[in-house]
Amino acid sequence: MPELTGQQRAAAVIVALGAENASKIYKYLHEDEVEQLTIEVAQLAQLPSEDLDDVLKSFYQICVTQKVVTEGGVEFARSVLEKAYGSQTAAALLDRVTKSLRTKAFDFIRKADYKNLLTIIQNEHPQTIALVLSYAKPDQAASVIAELPKEKQIDVVERIAMMDRTSPEITKIIEKNLEMKFSSVMSVDFMEIGGVNYIADVMNNIDRSNEKFIFDELNRKDPRLSDEIRKKMFVFEDITILDDMSIQRFLREVDPKDLVFALKGTNQEVANTIFKNMSNRTAETVKSDLEFTHNVRLKDVEEAQQRIVGIIRRLENEGELVIMKGGKDEVIA
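Scoring rules and cut-offs
Residues numbered from 1 in each chain as written. Predicted model: local features only at pLDDT ≥ 70, side-chain atom pairs only at ≥ 80, totals over all residues. Heavy atoms only, no water. Helix = DSSP H or I, 4+ residues; strand = E, 2+ residues; numbered from the N terminus. Buried < 20%, exposed > 50% of the residue type's maximum accessible area, 1.4 Å probe, protein only. Contact = heavy atoms within 4.5 Å. pLDDT = per-residue confidence, 0-100. Salt bridge = Lys/Arg side-chain N within 4 Å of Asp/Glu carboxyl O. Polar contact = N/O pair within 3.5 Å; in protein donor to acceptor, adjacent residues only side chain to side chain.

### Quick word on the side chain of Ser 246
With respect to the secondary-structure elements, Ser 246 resides in helix α15 (residues 244-251). We classify Ser 246 as buried; its relative accessible area is 4%. Apart from the residues lying within four places of it in its own chain, the contact partners of Ser 246 are Leu 321 and Val 322.

### Focus: the confidence of the model for the protein chain
Reading predicted coordinates in detail is not appropriate for stretches of low pLDDT. Here the protein chain shows a mean pLDDT of 77. Residues at 70 or above account for 78%. Counted against residues more than four places away or in other chains, residues 181-192, with its pLDDT under 50, gives 41 contacts. The low-confidence segment residues 326-333 (pLDDT under 50) makes 10 contacts with residues lying over four places distant or belonging to another chain.

### Notes on the pattern of salt bridges
Applying the stated criterion across every chain yields a total of 12 salt bridges. Here Arg 224 ties to Glu 228 by a salt bridge, and the two come within 2.8 Å at their closest N and O atoms. Here the residue Arg 224 and the residue Glu 228 both occupy positions in helix α14 (residues 223-233), the gap between them amounting to 4 residues, near one helical turn. We classify Glu 228 as partly exposed; its relative accessible area is 31%. Across the salt bridge formed by Glu 253 and Arg 314, the nearest N and O atoms sit 2.4 Å from each other. Residue Glu 253 is found in the loop between α15 and α16 (256-264), and its partner Arg 314 is found in helix α19 (residues 298-317); the two are separated by 61 residues along the sequence. Given a relative accessible area of 35%, Arg 314 falls into the partly exposed group. Here the residues in one salt-bridge network are Arg 249, Glu 253, Arg 314 and Glu 320, joined through shared partners.

### Considering the side chain of Asn 277
Examined against the element boundaries, Asn 277 turns out to sit in the loop between α17 (268-275) and α18 (280-291). At 3.5 Å, the side chain of Asn 277 forms a polar contact with the side chain of Asp 244. Side chain to side chain, Asn 277 and Gln 248 meet in a polar contact 2.9 Å long.

Right, dumping it as structure tokens:
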């Protein structure tokens, strides 16, 4: 059975809770969320008991994680969760929960048209703009950045990338001053916002003209930061968004050892995408090598994946393949 989407997993939890308990949860959701969740419940096929158990276990872990983060802060939660679930699972849970908590502030801007958002913040200090856009959806932030004056674009991008965490008090003051619709503020001590990962997501949604200008300027001002953002803009797992011809093209240039190491640290979807674009004989060889490759260091896996990503970026620059970026590129057959 294919892996369930986040919406399907939420629907499965609702079904498992029963009508009475589910109705209590619905009271805390927005109308569009209720509509989307109801559609998923209606379309949800019967789940095997083991899949339902997995969904409920994951839901319980998220609830526990959010409670610990809220009561003790991110670092305390990390310590508790690592002892309970191990470092890898703890990191994944924290990532999901902190992203969820981050969206509680500036809730009104994620529902606003980007032009209205631009009107609200365009004359603010670049640091304020950077903070607000760190809470926006990536496509919103990209649209706003694209229409800022050129000199302010670079400043804002740089500040978002360098942003690490901020206090809820500062967030509350800025939100209140910009829009008297403050709904909730994170109750943890400090919450991660912005950062290189986020601005890379924003840059993936921005048009290529502004992207080129921003990176040209960043290369001049801060080459290290520019390179760090670029490295995050297309990650190894994004191979699944490439078309079959592009995958077959870059596979011709990949070192077989790098491919084996890279696949050691990836998910099944990426592995399946790669294997389906190989000949049966080559796929069997790689699978055999994977089976007999043990004790690979995470550092070696990440470096192998980065070399493969480098090949993909080079081939895109040479026009040998196309990376579809945020639905903004048009391809003519």
